[in-house]
Amino acid sequence: MLNFIGQILPYLAGGIFIAGMGWRLWTWLRTPVPFKMTLSPAPVGTAQRFIKIGQELLIFKTLRQSDRRLWLWAWMMHLCLAAIIGGHITGIYFLGQQFTALGLSINESVKLSTILGSLSGILIFASLVALLYRRTSNAEVKRLSDPADYFDILLLLAVVISGLHMRLTSLEVDLPAIRTYLGSLMTFKPVSTPQNWIFISHYFLVNILLAYLPFSKMLHMTGFFVNKAMMTATPPVYPSSLNASNISAFRKGGVSE
Amino acid sequence: MSVVIKGQEIELDEDGFLVDPGLWNEDIVEYFAKAEDVGDLTEKHWKVINYLRDYFKKFGIAPMIRKLCKDTGFTLKEIYELFPSGPAKGACKLAGLPKPTGCV
Amino acid sequence: MKPPMHVAKETDLAAIGFAVSPLQEQQQKTVGKLNELVNAMRSLSVIMETCTKCGICANQCHSYLGTDDFNNIPAARADLVRRIYKRYLTLRGKYLGSYVGAEEFDDQTLTKWLTYFYQCNECRRCARFCPFGIDTAEVTIAARHILSELGIMPKFMQGITANMIKSGNNMGIPKPAIIDCAEFMEEEIKEETGLDIKIPIDKPNSDVLYIPSSADFFTNIDTMIGAAKLFYKLGLNWTISSSILEAANFGLLFNLKVMSEHNDRMKEAALSLGAKLVIQGECGHGWRAAKMYSEGVNGPIPFEIIHILDFCALNLDNLQLRKLPLRVTLHDPCNYARAGEICEQPRQILRACVDEFVEMTPNRDENFCCGGGSGILMDEMMEIRMKLGKMKADQVKALGKIDYLAMPCSICKAQIPNVLSHYGIDIANMGGVMDLVGKAIVLNE
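All figures in this text were calculated on a predicted structure; none of them were measured in a lab.

Rules used in this analysis
- Residues numbered from 1 in each chain as written.
- Chains lettered and ligands numbered in written order.
- Predicted model: local features only at pLDDT ≥ 70, side-chain atom pairs only at ≥ 80, totals over all residues.
- Heavy atoms only, no water.
- Helix = DSSP H or I, 4+ residues; strand = E, 2+ residues; numbered from the N terminus.
- Rg over C-alpha atoms; globule rule 2.2 N^0.38 Å.
- Contact = heavy atoms within 4.5 Å.
- Lys, Arg positive; Asp, Glu negative; His and termini not counted.
- Charge placed at Lys NZ, Arg CZ, Asp CG, Glu CD.
- Buried < 20%, exposed > 50% of the residue type's maximum accessible area, 1.4 Å probe, protein only.
- Salt bridge = Lys/Arg side-chain N within 4 Å of Asp/Glu carboxyl O.
- Patch = residues over 30% accessible without salt bridge, like charges linked within 9 Å, V, L, I, M, F, W, Y side chains within 5 Å.
- Areas by Shrake-Rupley, 256 points an atom, 1.4 Å probe, with all protein chains shown as cover.
- Buried area = accessible area lost by both parts, 1.4 Å probe.
- Polar contact = N/O pair within 3.5 Å; in protein donor to acceptor, adjacent residues only side chain to side chain.
- Nonpolar A, V, L, I, M, F, W, Y, C, P; charged D, E, K, R; others polar.
- Phe/Tyr/Trp six-rings, centres within 6.5 Å; stacked < 30°, edge-to-face > 60°.
- Lys NZ or Arg CZ within 6 Å of the ring centre and 35° of its normal.
- Domains from an automatic or database assignment.
- Pairing = 2+ DSSP bridges.
- Axes fitted to C-alpha atoms, helices over the stretch in contact; angles between N-to-C directions.
- pLDDT = per-residue confidence, 0-100.
- Parallel < 35°, antiparallel > 145°, perpendicular 65-115°, else oblique.
- Left-handed = near helix turned anticlockwise from the far one by under 90°.

Examining the overall build of chain C
Step number 1: Across its full length, chain C carries 22 helices and 8 strands.
Step number 2: Over its C-alpha atoms chain C spans a radius of gyration of 22 Å, differing by no more than 12% from the 22 Å that the globule rule assigns to 445 residues.
Step number 3: Its C-alpha atoms give chain C principal-axis dimensions of roughly 75 × 45 × 35 Å.
Step number 4: Contacts in chain C between residues far apart in sequence, at least 24 positions, make up 80% of those at least 6 positions apart.
Step number 5: Of the charged side chains in chain C, 47 are positive and 53 negative; the average position of the first set lies 5 Å away from that of the second.

This is the structure:
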């Protein structure tokens, strides 16, 4: 069992994640855009286009405009998620010493790393609980929700709780050993899985999340970009002579007859 | 849907308009007048109805509202007083015209 | 469950080249057509997978706010299609079923589609407020397209299409009547100005083809008169065409093949008249179809296409306008402000034409639909239409006394007067923006 979780599942989950996301993205991008989908007012020029998408991506601008409370929790959740992912990568790679680059001592850096990690973990836990509460208490959202919508939040919560468990209660997690283990996975030179059940539980849930993600609504992370790219496209200019096509699905005698 | 008016079976469309304008007669006008809350038909009503029928015979369509007003001498308000459901849905129905459709 | 509108019958469908699919084939055909569209429209394929059910769209949709019907929440409306998509076109839906929100196709599926996709005005306000920009109008367009391909459509859409085929306009005005209408309008202009301003019909070798809404030849004649005066003042060599006296393109609102045929008609008319410029009249969705869809479906387009309000705004410096003593507000047609890049132009024109221009709130790309958008003008749906117009009524009411409500779209012009009288709001005058240009323009120096 430990062998499966430690040596086989990571490749399986990582493979499903990469293939699944790639397949999704590919099926979308190969699908034509027969009509310009621009949502007016269209941004003028590439810079404006990036700004418009960037504001949505970084501060959830329209969500902030229409529902401040949801915005607060959703934005905090995503912000913490980004911090946690970044924190995992740097924290594990540098063993918590990444802030020495800012002039801190090794001790201070490890301490700061611990504080930031814990804070992000607690805040994402709070936001996920708030979002779950909203899903059950707002009549419209409750009726819109399918079981999978709850499962997604619960799975994230499970990952967060197991992570916090490790972070807040178990001081004996051996970070260098985990780093060695993860490095060995990436270089395909397997070493034995760290025998720490608190770590294993968290690690197992993360793998499940990765494999599940391309088939869940968490896919909105890619949908966002594909959709926003269409909505901010430059509207057609006439006369047009180039790049214009006749899409047969929308013409009599086209593919469907 | 069809109705029997004075012993004659008349076919109406979903909106209650005459399917075949050729079947139009005065009995049908009386029937529509009741259906559209027009009340007793007066000379003024007939002036509008006859104008619409003449125009329709000539052009195959209802006239522009403003032309109807100008040529009959009624204001739009007066037309609404005569035909509470308006020139398009009321007067045209009584005159046996098809229902004006489109963005109206 | 009974759909709220008259549905076209078999004979009606045959008249416009459509046919009813047998009941036992409905499921297979629906799934087949849906699959086809998902593979032909990137927007739809992304929308099918991207909604997180956050529910933000509920309070941004005038349809839900007015009707208080759950299925009119944009996310719920899209789900009517999404559930079928999941069940028949995804593995997880096939095996996990209702856990992921998949649903079996049953004898109520298409009735629900017909009922609720014809309570969506395709106004795109949900797209404006969705964090991912999910445009439920795309799902509505797809669902209505599939329904019509199965021979299911409102009688209203069928009747308009039949008129279009027969006479080149939605109202079914034959050419002799078009000539008579144009003469009447010329007389009206002559009485008012003393000038001989022509409305040319099918004039060969015209530089400009003007495509008005056919309602401008029935109820909204001041819009046509305003355009004619503008063209006269600018000395254009222009004409209207009896083969396409219609800016509206109802194909966009129920069948995309019909939409492409309409744009073909525009293209042929412009080419045969030798026009280098096509000016579209005051019609919201028709402008979107011409501007956003022509290139992809009917391209290449060898002439320029511009909207009358854009054209007028560009020429403001060449016009002499006297300010009318009116307090005027503007209703932004959804397809201008959210799908057609017409937003500041009507404002520039109105500020030049009237003493006082006031904005309603919200406005521009956040404006609420009139409730008639996407061709929901059926008389038999009047009760629902009034609910769809509730947010618009509230917006207008908040402005106090208004002399003129400008609504430069024929659907809005047909819907808003009903809405305002239903909610007891009294406004002296309503109409297009070109109507005011026609009254403000100084022709005799």
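A few points about the side chain of Glu56 of chain A
Step number 1: Position of Glu56 of chain A among the secondary structure elements: in helix H2 (residues 45-59).
Step number 2: Of the side chains bearing the opposite charge, Lys228 of chain A lies closest to the buried Glu56 of chain A, which forms no salt bridge; the N-O distance is 4.3 Å.
Step number 3: In this view, Glu56 of chain A contacts Lys61, Thr62, Phe224 and Lys228 of chain A together with Pro131 of chain C; residues no more than four positions away in its chain are not counted.

Quick word on a nonpolar patch on the surface
Step number 1: A cluster of nonpolar side chains, namely Phe4, Ile8, Leu12, Ile16 and Phe215 of chain A, defines an oily patch on the protein surface of about 420 Å² accessible area.
Step number 2: Relative to the elements of secondary structure, Leu12 of chain A occurs in helix H1 (residues 2-30).

Details of the interface of chain C and chain B
Step number 1: Listed as interface residues are 35 residues of chain C and, on the opposing side, 21 residues of chain B.
Step number 2: Interface area for chain C against chain B, summed over the two sides, is near 2400 Å², with a carbon-plus-sulfur share of 61%.
Step number 3: Looking only at chain C, the three residues that lose the most surface to chain B are Phe184, Phe218 and Asp379 of chain C, adding up to 28% of its buried area.
Step number 4: In this structure, the connection of chain C to chain B is made through 8 salt bridges.
Step number 5: Asp180 of chain C is the partner of Lys67 of chain B in a salt bridge, and the nearest nitrogen-oxygen pair spans 3.6 Å.
Step number 6: Where chain C packs against chain B, one counts 10 residue pairs in polar contact (both at pLDDT 80 or more).
Step number 7: When contributions to the side of chain C that touches chain B are tallied by element, the ones reaching two or more residues are helix H10 (155-167), helix H11 (175-193), helix H12 (221-234) and helix H21 (410-422) of chain C.
Step number 8: Sorting elements by how many residues they give to the side of chain C that touches chain B places H11 of chain C first, with 8 residues.
Step number 9: Within the side of chain C that touches chain B, the residues separate by chemical class into 20 nonpolar, 6 polar and 9 charged.

Let's talk about the environment of Gly296 of chain C
All names here are of chain C.
Step number 1: Following the sequence through the fold, Gly296 ends up in helix H15 (residues 284-298).
Step number 2: The exposure class of Gly296 is buried, given its relative accessible area of 8%.
Step number 3: In the structure, Gly296 is positioned 142 residues away from Pro154 in sequence and 27 Å away in space, judged by C-alpha atoms.

Details of the packing of aromatic side chains
Step number 1: Per the stated rule, a full pass over the model turns up 20 aromatic pairs over all chains.
Step number 2: An angle of 35° between the planes, with centres 6.4 Å apart, marks the rings of Tyr51 of chain B and Tyr55 of chain B as tilted. Here Tyr51 of chain B and its partner Tyr55 of chain B are both found in helix H2 (residues 43-59), 4 residues apart, which amounts to about one turn of the helix.
Step number 3: In textbook terms, an aromatic cluster arises when at least three aromatic residues are bridged by ring pairs, as seen for Tyr210, Phe231, Trp238 and Phe311 of chain C.
Step number 4: The positively charged end of Arg143 of chain A is found above the aromatic ring belonging to Phe70 of chain C, 3.9 Å away from the centroid.
Step number 5: Arg53 of chain B extends its terminal NZ or CZ atom over the ring of Trp24 of chain B, reaching a point 3.8 Å from the ring centre.

Focus on the side chain of Thr30 of chain C
Residue and element names in this part refer to chain C.
Step number 1: If you trace the backbone, Thr30 turns up in helix H2 (residues 26-38).
Step number 2: Side-chain polar atoms of Thr30 contact the backbone oxygen of Gln26, separated by 2.7 Å.
Step number 3: Apart from the residues within four sequence positions on either side, Thr30 is in contact with Phe105, Leu110, Trp113, Ile146 and Leu150.

Describing the domain arrangement of chain C
All names here are of chain C.
Step number 1: According to the domain assignment, chain C consists of domain 1 (19-152), domain 2 (157-314) and domain 3 (321-440).
Step number 2: Taken together, both faces of the contact between domain 2 and domain 3 bury some 2100 Å²; the carbon and sulfur share is 64%.
Step number 3: Of all residues in domain 2, the largest losses of buried area upon contact with domain 3 belong to Glu282, Gly284 and Leu309, amounting jointly to 26% of the total for that side.
Step number 4: Taken together, the links from domain 2 to domain 3 amount to 2 salt bridges.
Step number 5: In this structure, Glu282 engages Lys413 in a salt bridge whose closest nitrogen and oxygen atoms are separated by 2.8 Å.
Step number 6: In this assembly, domain 2 and domain 3 are joined by 12 residue pairs in polar contact (both at pLDDT 80 or more).
Step number 7: When contributions to the side of domain 2 that touches domain 3 are tallied by element, the ones reaching two or more residues are H12, H15 and helix H16 (308-314).
Step number 8: In terms of residue count, the dominant contributor to the side of domain 2 that touches domain 3 is H12 (6 residues).
Step number 9: Counted by class, the side of domain 2 that touches domain 3 contains 13 nonpolar, 8 polar and 6 charged residues.

Focus: the interface of chain C and chain A
Step number 1: Each side of the interface is counted separately: chain C has 77 residues, and chain A has 63 residues.
Step number 2: Summed over both partners, the interface of chain C with chain A comes to about 6100 Å²; 55% of that surface belongs to carbon and sulfur atoms.
Step number 3: When the buried surface of chain C facing chain A is broken down by residue, Arg42, Tyr99 and Glu295 of chain C rank first, second and third, together holding 13% of it.
Step number 4: Summed over the shared surface of chain C and chain A, the result is 4 salt bridges.
Step number 5: Note that Glu49 of chain C is salt-bridged to Arg24 of chain A, the shortest N-O span being 3.3 Å.

Brief notes about the environment of Pro84 of chain B
Step number 1: With respect to the helices and strands, the residue Pro84 of chain B is situated in the loop between helix H4 (76-82) and helix H5 (86-94).
Step number 2: In this structure the C-alpha to C-alpha distance between Pro84 of chain B and Lys67 of chain B, which are 17 residues apart in sequence, comes to 19 Å.

A short note on the sheet that holds strand S6 (residues 354-358) of chain C
Either a parallel or an antiparallel arrangement is found when strands of a sheet pair, and the pairing is made through backbone hydrogen bonds.
Residue and element names in this part refer to chain C.
Step number 1: What the 4 strands build is an open sheet, ordered S6-S5-S7-S8; its pairing is parallel. On the outer flanks of this sheet lie S6 and strand S8 (429-431), each paired with one strand and no other. Each strand of the sheet is rotated relative to its neighbour by a mean of 25°, with strand direction disregarded.
Step number 2: Set on the sheet, helix H18 (residues 344-353) makes contact with strand S5 (324-330), S6 and strand S7 (404-406); between it and S6 the angle comes to about 140°.

Re the confidence of the model for chain C
Step number 1: Per-residue confidence for chain C averages 97 on the pLDDT scale, and 100% of its residues sit at or above 70.
Step number 2: As scored by the predictor, the complex reaches a pTM of 0.96 and an ipTM of 0.96.

Considering the sheet that holds strand S1 (residues 208-211) of chain C
Residue and element names in this part refer to chain C.
Step number 1: Taking strand neighbours across the sheet as the criterion, the 4 strands line up as S2-S1-S3-S4 in an open arrangement whose pairing is parallel. In this open sheet, the two edge strands, each paired with only one partner strand, are strand S2 (238-240) and strand S4 (304-307). With direction set aside, neighbouring strand axes in the sheet form an average angle of 25°.
Step number 2: Where strand S3 (residues 277-280) lies against S4, 4 bridges are found, and the strand directions are parallel. Within the sheet, the bridge partner assigned to Val278 lies in S4 and is Ile305.
Step number 3: Contacts between H12 and the sheet are confined to S1, S2 and S3, with S2 contributing the most and set at about 160° to the helix.
Step number 4: Set on the sheet, helix H14 (residues 256-273) makes contact with S1, S2, S3 and S4; between it and S1 the angle comes to about 145°.

Focus: the packing of helix H3 (residues 65-72) of chain B against H11 of chain C
Step number 1: Contact pair H3 of chain B / H11 of chain C: the axes reach a minimum separation of 11 Å and the direction vectors enclose 65°. Classified by the angle their axes make, H3 of chain B and H11 of chain C are roughly perpendicular. The handedness of the crossing between H3 of chain B and H11 of chain C is left-handed. On H11 of chain C, the residues that touch Arg66, Lys67 and Lys70 of chain B of H3 of chain B are Asp180, Phe184, Glu188 and Glu191 of chain C.
Step number 2: Tallied by class, the residues present in the contact of H3 of chain B with H11 of chain C amount to 1 nonpolar, no polar and 6 charged.

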